[in-house]
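Each chain is listed here by its residues.
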Amino acid sequence: MNIEMDKSENQELIVLVSRLKKENEQLRIRVKELEEKLNNKQNSLLNSNTNSKLKESTLQKTETFDKAPPIYKDLTLAEYMLYGRQLILSDFGKSGQLKLKNTSILIVGAGGLGAPAAIYLAAAGVGKLGIVDYDKVERSNLHRQIIHNELREGISKAQSAKMTIEELNSLCNCVAYEILLESSNALEIVQKYDIVIDATDNVATRYLLNDACVLSGKPLISGGALRMDGQLTVYNYKRGPCYRCLFPKPPPPESILNCADGGILGVVTGVIGCLQALQAIKIATENDESPNNLLIFSATSYPLFRSIKLRSKKKDCALCGDHPSITRLEDYVQFCGSGATDKSPSVKALGHEDRIEPKIYHNLRNKTPHVLIDVRETVQYDICSLPNSINIPLKDLPDRIGEVKNLLETPNTPVYVICRLGNDSQHAVNILKTHLKSELKEVKDIIGGLHKWSIEVDQEFPIY
Amino acid sequence: MSLLKIKLSFSGGIELLFDNIKQKSVEISSSINSPNPTTMKDLISWMKDNLLKERPELFVSGDTVRPGILVLINDSDWELEGELEYEIKDGDDIVFISTLHGG
């Protein structure tokens, strides 16, 4: 079986290498074309006498870090052709296109929300697009983060997004920031842009971005998505509230679900990300008359959208109120009690003596009579499960203790608990120990859950 | 004392605390805290006692909802309606929404 697997893995690698080689070759050709184009452009610019144009070209070349970006007063011939279908809209027109060209937008997060937002904004002709993401592309991102692709697995999300954007619209000046946005760098970056899109995945970064936007006077277009639901709000815009006006205190860390644990339908992030792009275009083109509102989307409700009227900016807001107490960026990880990423932290609820390695469990699995309880949600259990395991979701466990009791042949029958990653299984062991103290001789959780089982014992077992 | 029929909705994950039900019509006394008319504060405490299925700390904090939950009354931010002091009326549509942080 192992030889067969090695073979198929080999085959996969061969295909991947050949695809990457092909892309590399195409990119080399493209680089050559672009370099020629650049040379021609620079020559023609040198020949022209207008000082302003010279200035623009130098600015573009050195990335506009400290100097003000150029202000374009007209479209190029190529742009008329590229944007013709939106130029003829009476609500947009040439003035709208020019405003977009002169607008810089920062997208924080090149994930499920940032991907469609960046694609549409670049395609629509936004002059400068900054993309911040510290993370790398993973296979499990691709169902929703459609700016990346299979070939980009393992490379920086910010760079991958930039590559897609440059292929889509070479006129867009895209800047990739391969960093984790923090108190030490946020203001410096935010200040360089006109509009900020919050496409992040964690509470700490949401407060950080909110504060950076209020302190530097930028509108913040905030999107969030989880499971089948999405939300959209604009903060710090036209006397509207900031994030802190609505949520002065952060939520308790245990109330926060991330996409890895809660799940997310790809197109739900797509809907919200597209709406963020639309909102950015409306603000950039000064075409936004809507009052302060919160838009709620639910794929499973009817109607799909609800728009809720929000309070105005609060006079006593600690950040944007009349007498602010927050005047500079803080430590947001400490403030929120949760990290600046959406990675699930590993739980350590049990001592070594209450846990068992997957390999050791594997060895005793067919020899020792025991009970194996899988505490994942049933929807996950139905994806894949170990033969002879019994599914009792963690939240139902306290009510179903009787069932566990009935499963024990003798008081000596050991009970093992498994889940997806080895976090919930630890809580489950504690619940079982509390309720079945005298009846149970041995109850242990399987370290690292089915994920580790798949890596160390049975590589044919799916990882999801 | 009469009964008020109101619609409660849960969104953004709050429904998980209420048996995974997204919408529910309930009838509550017009004067839970007699003789005073029923307010949002009374409703939240009534919900905690009568509807909440698990982990009350993820819904309430003191006599209000926990940080990170936004309450909407008839499609308006409850801050515009008087928050905890708002007097519930027959037919009110009240939404409890948790902010989503995923992306």
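Position numbers for residues count from 1 along each chain, tracking the sequence in the order it is written. Here the convention is simple: chains get letters from A, ligands get numbers from 1, in the order in which they are written. Note on the predicted model: pLDDT of at least 70 is required for a residue's local features to be given, and 80 or more for side-chain atom pairs to be given and counted; whole-chain, interface and lining totals, by contrast, use all residues. Heavy atoms from the whole structure form the basis of all side-chain values; hydrogens and water molecules are not counted.

Outline the sheet that holds strand E13 (residues 443-446) of chain A, listing residues and values.
All names here are of chain A. What makes two strands pair is DSSP finding at least two bridges between them. A run of H or I in DSSP becomes a helix once it reaches four residues, and a run of E becomes a strand once it reaches two; helices and strands are each numbered from the N terminus. An order of E9-E13-E12-E10-E11 is seen for the five strands of this open sheet, with the pairing classed as parallel. Each of the sheet's edge strands pairs with one partner strand only, and the pair in question is strand E9 (355-356) and strand E11 (389-391). Sheet topology places strand E10 (residues 371-374) next to strand E12 (residues 415-418); four bridges connect them, and they run parallel. Directly across from isoleucine 373, in E12, lies its bridge partner valine 417. Contact criterion: two residues are considered in contact whenever any of their non-hydrogen atoms come within 4.5 Å of each other. Axis definition: a line fit to C-alpha positions, over the contact stretch in the case of helices; interaxial angles, taken between N-to-C directions, run 0 to 180 degrees. Along the sheet face, helix H16 (residues 424-435) touches E9, E10, E12 and E13 and points at about 170° away from the line of E13.

Requested: an account of the UniProt feature "modified residue: 1-thioglycine" (unreviewed entry) in chain B, with residues and values cited.
UniProt positions are given in the numbering used here, feature names are shortened, and annotations may be inferred rather than shown by experiment. As annotated by UniProt and renumbered to match this structure, "modified residue: 1-thioglycine" (unreviewed entry) occupies Gly103 of chain B. Looking at where glycine 103 of chain B falls in the secondary structure, it is placed in the segment after strand E7 (93-98). Judged by its relative accessible area of 7%, glycine 103 of chain B falls in the buried class. In this view, glycine 103 of chain B contacts Gly111, Gly112, Leu113, Arg144, Thr200, Asp201, Ala225, Cys259 and Thr269 of chain A; residues no more than four positions away in its chain are not counted. When a residue's accessible area, from a 1.4 Å probe over protein chains only, is under 20% of the maximum for its type it is buried; when over 50% it is exposed; and in between it is partly exposed.

So, the interface of chain B and chain A: which residues are in play, and what are the values?
Taken residue by residue, the interface counts 32 residues in chain B and 42 residues in chain A. By buried area we mean how much accessible surface two parts lose on assembly, using a 1.4 Å probe and totalling the loss over both. For the chain B face of the interface with chain A, the top three residues by lost area are Leu100, His101 and Gly103 of chain B, together amounting to 27%. Think of a salt bridge as a Lys or Arg side-chain nitrogen and an Asp or Glu carboxyl oxygen that are within 4 Å of each other. The interface formed by chain B and chain A contains six salt bridges. Among the salt bridges present, the one from arginine 227 of chain A reaches glutamate 15 of chain B, with a minimum N-O distance of 3.1 Å. Definition of a polar contact: a pair of N or O atoms within 3.5 Å, with one able to donate and the other able to accept a hydrogen when the atoms are protein atoms, and with sequence-neighbouring residues admitted only if both atoms are side-chain atoms. Counting the contacts that link chain B with chain A gives 15 residue pairs in polar contact (both at pLDDT 80 or more). At the level of secondary structure, the elements contributing two or more residues to the side of chain B that touches chain A comprise strand E1 (3-11), strand E5 (69-73), strand E6 (76-77) and E7 of chain B. In terms of residue count, the dominant contributor to the side of chain B that touches chain A is E7 of chain B (four residues).

Quick one: what's the story with helix H17 (residues 449-456) of chain A, residue by residue and with numbers?
All names here are of chain A. For H17, the full list of buried residues reads Gly449, Leu450, Trp453 and Ser454. Buried positions in H17, seen along its axis, are confined to an arc of 155° and lie on one side of it. Lining the buried residues of H17 we find helix H13 (358-365), E10, E12 and E13. Arc definition: directions from the helix axis to the C-beta atoms.

So what's going on with the pattern of salt bridges? Which residues, and what values?
Pairing between side chains of opposite charge can happen when the charged atoms of each approach one another. Residues and elements named next belong to chain A. Throughout the structure, instances matching the rule amount to 31 salt bridges over all chains. Glutamate 153 serves as the salt-bridge partner of arginine 139, at 2.9 Å between the closest nitrogen and oxygen. In this pair, arginine 139 sits in the loop between strand E2 (128-132) and helix H6 (157-168) while glutamate 153 sits in the loop between E2 and H6, placing the two residues 14 residues apart along the sequence. Take glutamate 153: its relative accessible area is 36%, and that puts it in the partly exposed class. A salt bridge links arginine 152 to glutamate 167, with the shortest nitrogen-to-oxygen separation between them at 4.0 Å. One end of the pair, arginine 152, is in the loop between E2 and H6; the other, glutamate 167, is in helix H6, with 15 residues separating them in the sequence.

Outline the environment of arginine 19 of chain A, supporting the account with residue identities and numerical values.
All names here are of chain A. Here arginine 19 is to be found in helix H1 (residues 2-47). What makes arginine 19 partly exposed here is its relative accessible area of 36%. Separated by 131 residues in sequence, arginine 19 and glutamate 150 place their C-alpha atoms 9.8 Å apart. In this structure arginine 19 touches Glu150 and Leu151, once residues within four positions along its chain are discounted.

How would you sum up the packing of aromatic side chains? Please name residues and give values.
Residue and element names in this part refer to chain A. Paired rings are identified among Phe, Tyr and Trp, the last through its six-membered ring, by centres lying within 6.5 Å, and are further divided according to the angle between planes into stacked (under 30 degrees), edge-to-face (over 60) and tilted (the rest). The final tally for this structure, using the stated rule, is 12 aromatic pairs over all chains. Consider the rings of tyrosine 177 and tyrosine 193, whose centres lie 6.4 Å apart with planes at 75°: the pair is edge-to-face. A residue pair is termed long-range when its members are at least 10 positions apart, and tyrosine 177 in strand E3 (residues 173-177) and tyrosine 193 in the loop between helix H7 (186-190) and strand E4 (195-198) qualify at 16 residues. An identical accessibility class is assigned to tyrosine 177 and tyrosine 193; each is buried.

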